[in-house]
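# Coordinate analysis (summary)
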There are 2 protein chains.
Amino acid sequence: MSDSVIAVDWGTSSFRAYLLDAAGGILERREAAGGILRVRGGDFAAALLAEVGDWLKQAPDALVIMSGMIGSRQGWREIPYVDCPAALSDIAGGLERVDWGEGEAWIVPGLLDESRPDQPDVMRGEETQVLGALAQMPAGGGLVCLPGTHSKWVTVENGAIQGFATYMTGEVYDLLQGHSILGRLMTKGAVNAGRWFLEGVGLAQEGGLLNRLFTARSRVLAGDLPEDEVRSYLSGLLIGDELASTVGAGESAVFLLGAPALTVLYEAALGKLGKTAVTLETDAVAAGLFALAQHLRKGGS
Amino acid sequence: MSDSVIAVDWGTSSFRAYLLDAAGGILERREAAGGILRVRGGDFAAALLAEVGDWLKQAPDALVIMSGMIGSRQGWREIPYVDCPAALSDIAGGLERVDWGEGEAWIVPGLLDESRPDQPDVMRGEETQVLGALAQMPAGGGLVCLPGTHSKWVTVENGAIQGFATYMTGEVYDLLQGHSILGRLMTKGAVNAGRWFLEGVGLAQEGGLLNRLFTARSRVLAGDLPEDEVRSYLSGLLIGDELASTVGAGESAVFLLGAPALTVLYEAALGKLGKTAVTLETDAVAAGLFALAQHLRKGGS
């Protein structure tokens, strides 16, 4: 089974791997809780072998290619960021090989956007997902949102990543739930894209986030907001604030790339604001890693 | 020493008391860490006696009057909120007497602002501080900011509190420092009203708070923001966001009422935005409690 690829998306707290055939088709996939922070003694070679050793036996010539925080200072090796704008070939140019006593293994560089001096931004992993989703976007262009703990908003033109911005939306939600005065009101009901979520999205367009968050408490006290909808209301306020400064009065269409539990919320929020959301399929990272592997094999790096 | 007043500001985590003479002059003051959450078994009478029993011996006829969270469900007794707009006489009308086996003791009601149905708000304690500061404001009117864990913005006209809004500014700062990915960058240097604080205030006017907070990290990575200025930068972003929605393009003067360590930051931030800040003296709560006590003695309640 020559020309196979083992594609690995290795983040701070997650590990996803794909065994791909010579055409990029997914033969097998697996997930593990083995994020880089859980790797004992920093022995990433042993950790990788434990996860995909059986695939390497099946396909000894497979090329291993990894993206995400595995290329950060806390990962296997710190790979320098590539500057924006960055097309596939620019990112491939920053790939670095790691020697681990097994077959060929490479790590994808992250991206740095310094186009706005007071707002530099960095990412590791999302650039590969976006590369893999290009084929799903018209003429390789559009605004892509990757929701999460740190949501990324990526502008793509002519198949190249022009720039991006990070929003701490998911992390602030977790902080409120875990440690704030609002936490005691956030114990019932799962977040849903219903009335209270949409109310939060709408109110956030008026600004004043730090006040609006507090109204979750006063609206419960006033008997207005049901306690099992507090999570949805706060999620709506936070996602709404993110959207106010990303799409606002501008962009009319957004491509969503992420876990369905999140993209469904963003889809509803964008709909509330009169925008169009196109949800992309979520194995984009495998497609992105395969495209980079192809580039390597053609001798592009 | 007849007609004395023992004025108590009793919050969630703080206790401040004043012994006032018949003209409202401060004879003595004391502070304790005995916020309502620290009162063992909810025995507020015993806790109060422990704090001010010696004053009651000096002035057995003193009227005790208390404001703050002592009037909440977690306090001595839950006192119903008084609706806005509320003048001194309206707040005095909501005073409730507690029987504790000693002299006369009263608790001040909190205020409820339901003028905006989707943004109801409540406070307990700040209304009394504002009443006490009225004499320092021209014609009893103006916009008052009481910075803190939960900042309050209070609109006063004709000597009456017309409405108010709460901002979670201080609490969100504490969450970021204590529990977020930014926390590890917030270990050096005290918050100061210098260059990086003002930069944060300015950038916050453009919106996108959830993104701007993240730039603290990327600007440190980019070698732009010194690590010992991260606290000041984040404080500027948060206070700046609060100001964007409270003063914005409108109000030109703000009265500040609070701890000097905070009012000095708000003063600098308002200056950066071209607004005028007038810092009020901080024993306003004693003056407010004295005015309410006078109202009681004249038989107003």
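Rules used in this analysis
- The residue numbers shown here count from 1 along each chain, following its written sequence.
- All chains are assigned letters beginning at A, and all ligands numbers beginning at 1, according to the order in which they are written.
- Note on the predicted model: pLDDT of at least 70 is required for a residue's local features to be given, and 80 or more for side-chain atom pairs to be given and counted; whole-chain, interface and lining totals, by contrast, use all residues.
- By convention in this description, side-chain values take in all heavy atoms of the structure and omit both hydrogens and water.
- The definition used for a disulfide is geometric: two cysteine sulfur atoms within 2.5 Å.
- Relative accessibility thresholds used throughout: buried, under 20% of the residue-type maximum; exposed, over 50%; partly exposed, between the two (1.4 Å probe, protein chains only).
- Only residues with pLDDT of at least 70 in both copies count here: their C-alpha atoms drive the least-squares fit that superposes the copies.
- Any Phe, Tyr or Trp ring, taking Trp's six-membered ring, that has another such ring centre within 6.5 Å forms a pair; planes under 30 degrees apart are called stacked, those over 60 apart edge-to-face, and the others tilted.
- Where helices and strands are cited, they refer to DSSP runs of H or I of at least four residues and of E of at least two residues respectively, numbered from the N terminus.
- Note on contacts: a residue pair qualifies if any of its non-hydrogen atoms lie within 4.5 Å across the two residues.
- Here the quantity called buried area is the accessible surface, traced with a 1.4 Å probe, that two parts lose on coming together, added over both.
- For salt bridges, the criterion is a side-chain nitrogen of Lys or Arg within 4 Å of an Asp or Glu carboxyl oxygen.
- In the analysis that follows, any N or O atom pair within 3.5 Å is treated as a polar contact, provided that within protein one partner can donate a hydrogen and the other can accept it, and provided that, for residues neighboring in sequence, both atoms belong to side chains.
- Under the grouping applied here, Gly and all other residues not named as nonpolar or charged are polar, the nonpolar ones being Ala, Val, Leu, Ile, Met, Phe, Trp, Tyr, Cys and Pro and the charged ones Asp, Glu, Lys and Arg.
- What counts as a domain boundary in this text is fixed by an automatic or database domain assignment.
- As a per-residue quantity, pLDDT reports the predictor's confidence and falls between 0 and 100.
- For two strands to count as paired, DSSP must find a minimum of two bridges between them.
- Note on definitions: angles span 0 to 180 degrees between N-to-C directions of axes, and those axes are lines fitted to C-alpha atoms, for helices only across the stretch in contact.

Further remarks concern the state of the cysteines. All names here are of chain A. Under the definition given, this model contains zero disulfides over all chains. No disulfide involves Cys 84; its sulfur sits 17 Å from the nearest other cysteine sulfur, which is in Cys 145. On the accessibility criterion, Cys 84 (18% relative accessible area) is buried.

What follows covers the relation of the copies chain A and chain B. Once chain A is rotated about the relating axis by 180 degrees and shifted along it by 0.0 Å, it coincides with chain B to within an RMSD of 0.0 Å. Both copies of the chain, as the preceding transformation shows, are related through a two-fold rotation axis. Taking the C-alpha atom as reference, chain A places Leu 175 of chain A closest to the rotation axis, 3.2 Å from it.

Okay, the packing of aromatic side chains next. By the definition in use, this model includes ten aromatic pairs over all chains. Arranged with centres 5.8 Å apart and planes meeting at 80 degrees, the rings of Trp 10 of chain A and Phe 44 of chain A form a pair that is edge-to-face. Note that Trp 10 of chain A is positioned in strand 1 (residues 5-10) and Phe 44 of chain A in helix 1 (residues 44-58), a separation of 34 residues in sequence. Ring geometry for Trp 196 of chain B versus Tyr 233 of chain B: centroids 5.9 Å apart, planes at 85 degrees, classification edge-to-face. Of this pair, Trp 196 of chain B sits in helix 5 (residues 195-204) while Tyr 233 of chain B sits in helix 7 (residues 230-246), placing them 37 residues apart in sequence.

What follows covers the interface of chain A and chain B. Across the contact, 43 residues belong to chain A and 43 residues belong to chain B. The three residues of chain A that bury the most area against chain B are Met 168, Leu 210 and Phe 214 of chain A, which together make up 20% of that side's buried surface. Taken together, the links from chain A to chain B amount to two salt bridges. Salt-bridge contacts for Asp 118 of chain A lead to Arg 212 of chain B; the nearest nitrogen and oxygen are separated by 3.5 Å. Run the count over chain A and chain B and you get 15 residue pairs in polar contact (both at pLDDT 80 or more). Within the residue set of the side of chain A that touches chain B, elements represented by two or more residues are strand 9 (121-123), strand 12 (160-167), helix 4 (169-179), helix 5 (195-204), helix 6 (209-221) and helix 7 (230-246) of chain A. Classifying every residue of the side of chain A that touches chain B gives 21 nonpolar, eleven polar and eleven charged.

A separate point is the pattern of salt bridges. Residue and element names in this part refer to chain A. Across all of its chains, the model carries 24 salt bridges over all chains by this definition. With its nearest N and O atoms 2.4 Å apart, the salt bridge here joins Asp 283 to Arg 29. With a gap of 254 residues between them, Asp 283 in the loop between strand 14 (276-279) and helix 9 (284-297) and Arg 29 in strand 3 (residues 26-32) connect regions that are remote in the sequence. With a relative accessible area of 48%, Arg 29 lands in the partly exposed category. Each of Glu 28, Arg 30 and Asp 54 takes part in a single network of salt bridges with overlapping partners.

Residue and element names in this part refer to chain A. By the assigned domains, chain A splits into domain 1 (5-166 + 282-297) and domain 2 (168-279). Between domain 1 and domain 2, the C-alpha centre-to-centre distance is 29 Å. Contact residues are listed per partner, giving 21 residues for domain 1 and 18 residues for domain 2. Summed over both sides, the interface between domain 1 and domain 2 buries roughly 1,500 Å², with carbon and sulfur atoms accounting for 68% of that surface. Per-residue buried area on domain 1 facing domain 2 is highest for Leu 143, Pro 147 and Trp 153; these three make up 39% of the total on that side. Sorting the residues of the side of domain 1 that touches domain 2 by element identifies helix 3 (126-133), strand 10 (142-146) and strand 11 (151-157) as the ones contributing at least two each.

Averaged over all residues, the pLDDT of chain A equals 94, while 99% of them reach at least 70. Predicted complex metrics record ipTM = 0.92 and pTM = 0.93.

This part covers the sheet that holds strand 7 (residues 105-107) of chain A. Residue and element names in this part refer to chain A. Read from one edge to the other, the open sheet built from six strands follows the order 3-2-1-4-7-6, with strand pairing classed as mixed. A single partner strand is all that each edge strand has here, and the edge strands are strand 3 and strand 6 (96-98). Strand-to-strand twist of the sheet, defined as the mean angle between neighbouring strand axes without regard to direction, takes the value 20 degrees. As paired elements, strand 1 and strand 2 (residues 15-20) share six bridges and run antiparallel to each other.

A separate point is the side chain of Ser 67 of chain B. Residues and elements named next belong to chain B. Take Ser 67: it is sitting in strand 4 (residues 63-67). Judged by its relative accessible area of 0%, Ser 67 is buried. With sequence-adjacent residues up to four places away left out, Ser 67 is seen in contact with Val 8, Asp 9, Trp 10, Val 108, Gly 125, Glu 127, Thr 128, Val 285 and Leu 289.

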